[in-house]
Amino acid sequence: RNVSADDKGTEGTVLKQYERKVAEVVHEYRDICKENANRQRQIHNAEREANMHEEEEGEEDEALLQRMQERAQLVDWNALLVAEREEEIKEIESTVVEIYDIANELDRMVNNQGEMIDEVDTNVSRGADHVEAGQEQLSMANTSAKKSRKLKC
């Protein structure tokens, strides 16, 4: 199999297209997660300000205290979710890098195998040429032997 420069170029182009797509998806996912984290922080800050405002007004009854505790738990839970999402994003990014490295290694292996196949093809062609030349020499030797036998007889 002869691997042409166009085939190698096409393989590289397709690989680069996949790389760009994966990078775009990871970037978009990261942006979405950052937006969500920012929204959660804004909610947390707004709740904190509301709680402070309520405290300033002197509402210190049991229900307010319980609502504040529930909100604090909710904020802590949201912060935990944001941290988990950030960790998952890092894992996805790491996986994408691994996939990228694997794709590059496969591309290198395919190119190396293409070169080996070209060498095998060249060696087979040379072998066929040598066999053909050998057949011609045998034919000439046979003709020469027949002529020398006729002269001796």
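Residues numbered from 1 in each chain as written. Predicted model: local features only at pLDDT ≥ 70, side-chain atom pairs only at ≥ 80, totals over all residues. Heavy atoms only, no water.

(A) Seen up close, the pattern of salt bridges. This model, assessed by the stated rule, comprises four salt bridges. Arg30 is paired through a salt bridge with Glu93; the nearest N and O atoms lie 2.7 Å apart. One end of the pair, Arg30, is in helix H1 (residues 5-56); the other, Glu93, is in helix H2 (residues 62-152), with 63 residues separating them in the sequence. Among the residues examined, Arg30 registers a relative accessible area of 22% and is labelled partly exposed. Judged by relative accessible area, which is 35%, Glu93 ranks as partly exposed. (Salt bridge = Lys/Arg side-chain N within 4 Å of Asp/Glu carboxyl O. Helix = DSSP H or I, 4+ residues; strand = E, 2+ residues; numbered from the N terminus. Buried < 20%, exposed > 50% of the residue type's maximum accessible area, 1.4 Å probe, protein only.)

(B) Looking closely at a nonpolar patch on the surface. Among the surface-exposed residues, Ile102, Leu106 and Met109 lie close enough to one another that they form a single nonpolar patch of about 280 Å² accessible area. In this fold, Leu106 is placed in helix H2. Leu106 sits in the partly exposed class, given a relative accessible area of 47%. (Patch = residues over 30% accessible without salt bridge, like charges linked within 9 Å, V, L, I, M, F, W, Y side chains within 5 Å. Areas by Shrake-Rupley, 256 points an atom, 1.4 Å probe, with all protein chains shown as cover.)

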